[in-house]
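Topology and contacts: notes
Letter by letter, the chains look like this.
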Amino acid sequence: MMELLRSRRFKIALASAVVVGLVVSGALGLFQALRAPVPPAPGEVPDSGAAQNQERLEAPDVDVLGDPPEGLSYVSEDGDVRCSTAECVRLVRVVAAEGEEAPGSEEAITSVYDHLLDANWGQLLPEGAQSPDDVPLGETILTDGDVLVADSSEHDAEDATALLMLGNANPPSS
């Protein structure tokens, strides 16, 4: 075996096999990359051909939240909808009603969550939490069975806006 490793011919054959293997492997990778679909740019909505077997769920309307708690108002515009391949979510700002003093973001979210819980919405806890007392209210998700509501606010920021995210509770049909 040692004589074979010292042989010049064997070394050339071994180096050639390694080079051919690398070239073939690179060529296969290149062909697979060229055949792969191009992902959409961030913020771009993919065309219907990209998700042939999936029907994208539209974002729930802000009306699913019902009337806001006293002193608050919900604001959502068409530009506040964010979509992925499977579904869309709606961002809803919780602001002070006209003529009312603006609450802090945490206070506004707590008011909305309490209001929705009083309207018989259910509460989904984060993984590992045993009861609602284990986590702050804003870290839970509320649902009425069809819609999910989550706190999307940045409470640490000064003058943070209370922001809710509305999504569909039902998975998209495939």
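Conventions used here
Residues numbered from 1 in each chain as written. Predicted model: local features only at pLDDT ≥ 70, side-chain atom pairs only at ≥ 80, totals over all residues. Heavy atoms only, no water. Helix = DSSP H or I, 4+ residues; strand = E, 2+ residues; numbered from the N terminus. pLDDT = per-residue confidence, 0-100. Contact = heavy atoms within 4.5 Å. Buried < 20%, exposed > 50% of the residue type's maximum accessible area, 1.4 Å probe, protein only. Pairing = 2+ DSSP bridges. Patch = residues over 30% accessible without salt bridge, like charges linked within 9 Å, V, L, I, M, F, W, Y side chains within 5 Å. Areas by Shrake-Rupley, 256 points an atom, 1.4 Å probe, with all protein chains shown as cover. Salt bridge = Lys/Arg side-chain N within 4 Å of Asp/Glu carboxyl O. Expected span 1.5 Å × (residues − 1).

**Some points on unusual backbone geometry**
We note that Asn120 has phi near 70°; this positive angle belongs to a residue other than glycine. Assignment of secondary structure puts Asn120 in the loop between α3 (105-118) and β4 (122-124).

**Comments concerning the confidence of the model for the chain**
When pLDDT is averaged along the chain, the result is 79; 83% of the residues meet or exceed 70. Element-level mean pLDDT values for the chain span from 73 in helix α1 (residues 2-6) up to 90 in strand β1 (residues 72-75). Long-range and interchain partners of residues 48-53, a stretch whose pLDDT sits below 50, account for 3 contacts in this model, where long-range means more than four residues apart.

**Digging into the pairing of strand β7 (residues 162-168)**
The element β7 is largely enclosed, with a buried count of 5 among its 7 residues. Two strands pair when backbone bridges link them, and strand β3 (residues 88-96) and β7 are joined in this way by 5 bridges, in the antiparallel orientation. The residue of β7 that forms the bridge with Leu91 is Met165. When strand β6 (residues 147-151) meets β7, the two strands line up antiparallel, connected through 5 bridges. Bridging across to β7, Asp151 finds its partner in Leu164.

**Looking at a nonpolar patch on the surface**
On the surface, Leu14, Val18 and Leu22 cluster together into a nonpolar patch covering about 290 Å² of accessible area. Within the secondary structure, Val18 sits in helix α2 (residues 8-35). Assessed through its relative accessible area of 46%, Val18 is described here as partly exposed.

**Digging into α3**
Owing to its 3.6 residues per turn, the α-helix aligns residues three or four sequence positions apart on the same side. Look at α3: 20 Å from first C-alpha to last across 14 residues, which is about the 20 Å you get at 1.5 Å a residue. If you follow the buried residues of α3, they end up packed against β1, β3, β5 (141-143), β6 and β7. The first or second residue beyond α3 is Asn120, which carries a positive phi of 70°.

**Some points on the pattern of salt bridges**
Throughout the structure, instances matching the rule amount to 2 salt bridges. Across the salt bridge formed by Glu77 and Arg93, the nearest N and O atoms sit 3.7 Å from each other. Taken together, the positions of Glu77 in the loop between β1 and β2 (81-83) and Arg93 in strand β3 put the pair 16 residues apart, joining distant regions of the chain. The class of Glu77 is partly exposed, set by a relative accessible area of 47%. The salt bridge partner of Arg93 is Asp80, with a shortest N-O separation of 3.1 Å. You can see Arg93 sitting in strand β3 and its partner Asp80 sitting in the loop between β1 and β2, a full 13 residues away along the chain. Connected through shared salt-bridge partners, Glu77, Asp80 and Arg93 make up one network.

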